[in-house]
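The residues making up each chain are set out below.
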Amino acid sequence: LEIWEGDTFVGYVELITQPSEGWIGVCEALEEMGITVHVVGVDSYPRMLELVKPLGINHVEHLYGDFHANDRLELVRDLQRNGDGVAYVGYVLHDMPALSQSDVSIGIEVDADSIFTAGICDVVIGPDVHWLPRMIQMSRRLDSTANSNFGLIRSEEHTSELQSQFRISYAVFC
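Model, not experiment: these values are computed from the prediction.

Undergrad: Any chance you could break down the nonpolar core for me, citing the residues and the numbers?
TA: Ranked by internal contacts, the top residues of the largest apolar core, which has 22 residues, are Trp23, Leu30, Val39, Ile57 and Leu132. Of all the secondary-structure elements, those providing two or more residues to this core are helix H1 (22-32), strand E3 (36-40), helix H2 (45-52), strand E6 (104-108) and helix H6 (131-153). Broken down by element, this core gets its largest block of residues, four residues, from H1. Listed in part, the 11 residues of the second largest apolar core include Val40, Tyr64, Phe67 and Tyr88.

Right under this line is the structure:
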């Protein structure tokens, strides 16, 4: 942000964005659970590389800088075309199309913009992102229990067919 007084350049202010400390453990936990973490942002790619260093994300090919609403939507669609289930985590207006397209949309309440995104999300959590891995673990346990109970009622042949239809491999965007 440049500051001018009339025609005279006075200085500039650099707005620094960085992930909160909570994301560091969360990204590691998600990777350990077999979830591929993709990170999108409006910052340049070199700046995004700096931002994700503390997150422990080892896959720079899953890092997307200078990514706006349509780019995010297309990325979700591309992952879905590959047969992956996509859970999208977002809170800014740029995230709304991708949140609408994703298989599971997770909103985070952090600022005034998040009020708008929360309205279209399947799940909304507070600013403590440590809930993400826990929610996925609970979801997987629920799915496993439901499939087990269904197996008691139906034959094994039909159960495995249904399990394969409802299995989601998550790709999460932070």
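Undergrad: Can you tell me about H2, naming the residues and giving the values?
TA: Within the span of H2, buried status applies to Met48, Leu51 and Val52. Along H2, the residues classed as buried sweep out an arc of 85 degrees about the axis, all on the same side. Packing partners of the buried residues in H2 comprise E3 and strand E4 (63-64).

Undergrad: Describe the pairing of E6, with residues and values.
TA: When you tally the buried positions in E6, you get four out of five residues, the bulk of the element. Sheet topology note: the strand E5 (residues 87-90)/E6 ladder contains four bridges and is parallel. Residue pairing for E6: Val89 is matched across the bridge by Ile106. In this fold, E5 hands off to helix H4 (residues 96-101), which returns the chain to E6; that crossover is right-handed. Here three bridges tie E6 to strand E7 (residues 123-125), and the two strands are oriented parallel to one another. Directly across from Ile106, in E7, lies its bridge partner Val123.

Undergrad: Lay out the side chain of Asp95 in plain terms, naming residues and giving numbers.
TA: With respect to the helices and strands, Asp95 occurs in the loop between E5 and H4. Only 2.5 Å separates the side chain of Asp95 from the side chain of Arg72, close enough to count as a polar contact. Every residue in contact with Asp95, bar those within four places of it in the chain, is listed here: Arg72, Tyr88 and Gly90.

Undergrad: So what's going on with a nonpolar patch on the surface? Which residues, and what values?
TA: Residues Leu1, Ile3, Val10 and Val13 make up a contiguous nonpolar surface patch of roughly 370 Å² in combined accessible area. As for its placement among the helices and strands, Leu1 is situated in the segment before strand E1 (2-5). Given a relative accessible area of 68%, Leu1 falls into the exposed group.

Undergrad: Run through the pattern of salt bridges, naming residues and quoting values.
TA: Tallied over the entire structure, the rule returns five salt bridges. One salt bridge connects Arg47 with Glu50, and the closest N-O pair in it is separated by 3.2 Å. In this pair, Arg47 and Glu50 both sit in helix H2, three residues apart, roughly one turn of the helix. The shortest N-O distance in the salt bridge between Asp78 and Arg81 comes to 2.4 Å. With a gap of three residues between them, Asp78 and Arg81 both fall in helix H3 (residues 69-81), about one helical turn apart. Ionic contacts of the salt-bridge type, sharing partners, join the residues Glu74, Arg77, Asp78 and Arg81 into one network.

Undergrad: Before we move on, can you summarise unusual backbone geometry with the specific residues and values?
TA: Although it is not a glycine, Asp66 sits at a positive phi angle of roughly 55 degrees. Of the residues examined, Asp66 reaches a relative accessible area of 48% and is grouped as partly exposed.

So, how was this worked out
Residues numbered from 1 in each chain as written. Predicted model: local features only at pLDDT ≥ 70, side-chain atom pairs only at ≥ 80, totals over all residues. Heavy atoms only, no water. Core = buried A, V, L, I, M, F, W, Y, C linked by side-chain atoms within 4.5 Å. Buried < 20%, exposed > 50% of the residue type's maximum accessible area, 1.4 Å probe, protein only. Helix = DSSP H or I, 4+ residues; strand = E, 2+ residues; numbered from the N terminus. Arc of directions from axis to C-beta. Contact = heavy atoms within 4.5 Å. Pairing = 2+ DSSP bridges. Right-handed = clockwise from strand over helix to strand, strands pointing away. Polar contact = N/O pair within 3.5 Å; in protein donor to acceptor, adjacent residues only side chain to side chain. Patch = residues over 30% accessible without salt bridge, like charges linked within 9 Å, V, L, I, M, F, W, Y side chains within 5 Å. Areas by Shrake-Rupley, 256 points an atom, 1.4 Å probe, with all protein chains shown as cover. Salt bridge = Lys/Arg side-chain N within 4 Å of Asp/Glu carboxyl O.

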